[in-house]
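Each chain is listed here by its residues.
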Amino acid sequence: MGKPKIVLGVSGGIAAYKACELLRRLTESGHDVRVVPTASALHFIGAATWSALSGKPVSTEVWDDVHEVPHVRIGQNADLVVVAPATADILAKAAHGLADDLLTNTLLTARCPVVFAPAMHTEMWEHPATQENVATLRRRGAVVIEPAVGRLTGVDTGKGRLPEPAEIFEVCRRVLARGASEADLAGRHVVVSAGGTREPLDPVRFLGNRSSGKQGYALARTAAARGARVTLIAANTGLPDPAGVDVIQVGTAVQLREAVLKAAADADAVVMAAAVADFRPARYAQGKIKKKDGQEPEAIALVRNPDILAEISADRARPGQVVVGFAAETDDVLANGRAKLERKGCDLLVVNEVGERKTFGSEENEAVVLGADGSETPVPYGPKEALAGTVWDLVVRRLA
Ligand SMILES: Cc1cc2nc3c(=O)[nH]c(=O)nc-3n(C[C@H](O)[C@H](O)[C@H](O)COP(=O)(O)O)c2cc1C
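Our subject in this report is the structure included herewith.

The rules behind these values
- The numbering scheme is per chain: residues are counted from 1 as the chain's sequence reads.
- It should be noted that, the model being predicted, local features are given only for residues of pLDDT at least 70 and side-chain atom pairs only at 80 or more, the latter also being counted only at that level, while totals for whole chains, interfaces and linings use all residues.
- Side-chain measures were taken over the full set of non-hydrogen atoms in the model, leaving aside hydrogen atoms and water.
- Whether a residue is buried, partly exposed or exposed follows from its accessible area with a 1.4 Å probe, protein chains only, as a fraction of its type maximum: under 20%, in between, or over 50%, in that order.
- Per the convention used, a helix needs a DSSP run of H or I reaching at least four residues, while a strand needs a run of E reaching at least two, with both numbered from the N terminus.
- At least two DSSP bridges between two strands are required for those strands to pair.
- When at least one non-hydrogen atom of a residue lies within 4 Å of a molecule or strand, that residue is treated as near it.
- Think of a polar contact as two N or O atoms within 3.5 Å of one another; within protein, one of them needs to be a possible hydrogen donor and the other a possible acceptor, and neighboring residues in sequence only count if both atoms come from side chains.
- Methods summary: accessible areas were calculated by the Shrake-Rupley approach with a probe of 1.4 Å, and residue burial reflects only the protein chains presented.
- In this text, buried Ala, Val, Leu, Ile, Met, Phe, Trp, Tyr and Cys residues form a nonpolar core when linked through side-chain atoms within 4.5 Å.
- Contacts: residue pairs with any heavy atoms within 4.5 Å of one another.
- Any two cysteine sulfur atoms lying within 2.5 Å of each other are counted as a disulfide.

This part covers the pairing of strand β18 (residues 364-371). By the criterion of burial, β18 is predominantly enclosed, with six of the eight residues buried. Inspection of the sheet shows β18 paired to strand β19 (residues 376-383) by six bridges, in the antiparallel sense. From the neighbouring strand, Glu364 faces β19, where its bridge partner is Pro383. Between β18 and β19, which follow one another and run antiparallel, lie four residues, and Gly374 among them has a positive phi close to 95°.

This is how it looks when you write it as structure tokens:
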């Protein structure tokens, strides 16, 4: 089998330079990439750059190399088309089937998965015309990544920024592996919590835990690649925002609860992968707690934090909402997991054993997913995204 063939469409946005980094990642990871820029895109980055980086000819019009019928062949032969950045204009053309240059012709002839990574000013993104075009493209099966929030052209900030190339690359890799037809979470809103809460003792100290947030981020990325609208509630992770995911940063268990309850109100599924502190200091010292000569330190009194998983399981915001919990156990893993599942009242509980290479901070995980229906789904040691895939498979089955 040859290298997977990717068409990288680049349209005329200021973020076109970021597509160079995406192109590099795609080629270096063994893909055969053909760049098809629009004429406007060449005002930002010239054809020489695209041609040199891809090692292939570059044209914007259907009138070059006509004997090879590029307006049809490029799309027909592609395994994936990704348009990054996608302008408001290219989204409109794609939604309405216009074909006035090589990229729009390619979009009409492609029968492979198509990913759009829009980037534009907030007003353009929020305009009903753009929103309707995005909805049309999604309905037809295209993956349209939500733009990130941040600095836009000039001094403006807001929603409309192109997600980081590394994140767009991850979306492409996942869509290539599964196919856009596997967008089995399209039209769904899912909430994922990730990371570990920090419970402050004084302005410089906190009680925390070792959760890195990587498993929650893998869940968020995977759900986005499968078409879901994803709200990721991140506690102290320091990880880059996954492409196409709305990220809400929180610090403590109480803040995490508030954010989860709000986001869960219209969610089809809530996956609680964050490590939420069971207890917090009963008293927060306004000033740094000092050593006192000749005195032992005071014991730290703790109070219970709210049990968010039990709360959202008992009081579902929507009928049929699927709730998934996580449990890290050190011994008697399955028995403790089964007891926790019953105590919490969730639909699925991902139980993993805390060990040397597993769980906290690592790229890999191994788990058993217990179902309230008595099911047990073992997930062998492997990347956290494989476990994420299994969790969403089980969620999709319950949503259906
Ligand atoms: C400096 C500059 C920056 C622009 N940035 C964007 C952008 O980020 N997103 C967008 O949708 N349009 C942007 N535009 C407008 C597009 O270039 C314009 O709509 C063009 O017709 C798009 O053509 P294309 O979709 O064929 O590439 C920008 C224009 C200029 C002059």
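A few words now on the site of the ligand. Around the ligand there are 14 residues in total, and Gly12, Thr38, Thr87, Ala88 and Asp89 lie nearest to it. Here an oxygen atom of the ligand and a backbone polar atom of Gly12 are 2.6 Å apart. Residue Thr87 places a side-chain N or O atom 2.7 Å away from an oxygen atom belonging to the ligand. Taking 640 Å² as the accessible area of the ligand by itself, protein coverage stands at 65%. Sort the elements by how many residues they give to the shell around the ligand and helix α4 (residues 88-96) lands first, with three residues.

Grouped together as the largest cluster of nonpolar side chains are 34 residues, with contacts concentrated most on Leu219, Val230, Val324, Val350, Trp392 and Val395. Mapped by element, the contributors of at least two residues to this core are β8 (189-195), α9 (214-225), β11 (229-235), β13 (269-272), β16 (322-329), β17 (348-353), β18 and α13 (384-399). The greatest single-element share of this core, amounting to eight residues, is contributed by α13. With sequence-adjacent residues up to four places away left out, Val324 is seen in contact with Val270, Val271, Met272, Leu309, Leu348, Val350, Val391 and Val395. Counting residues in each nonpolar core, the second largest holds 31 residues, with Leu8, Ala19, Val115 and Cys172 among its members.

Next up on the list: the state of the cysteines. Under the definition given, this model contains zero disulfides. Here Cys20 is not disulfide-linked; the sulfur of Cys172 is the nearest cysteine sulfur, at 15 Å. Here Cys112 stays unpaired: no disulfide links it, and the sulfur of Cys172, its closest cysteine neighbor, is 11 Å away. According to the relative accessible area criterion, Cys112 is buried, its value standing at 14%.

Within the secondary structure layout, Gly75 lies in helix α3 (residues 70-76). Owing to a relative accessible area of 0%, Gly75 belongs among the buried residues under this scheme. With 27 residues separating them along the chain, Gly75 and Leu102 place their C-alpha atoms 9.6 Å apart. Setting aside residues up to four positions removed in sequence, Gly75 forms contacts with Thr106, Thr109, Ala110 and Arg111.

Here the focus is the side chain of Thr109. Within the secondary structure layout, Thr109 lies in helix α5 (residues 102-109). Classification of Thr109 by relative accessible area gives buried; the value is 18%. If we skip the residues at most four places from it in the chain, Thr109 touches His71, Val72, Gly75 and Gln76.

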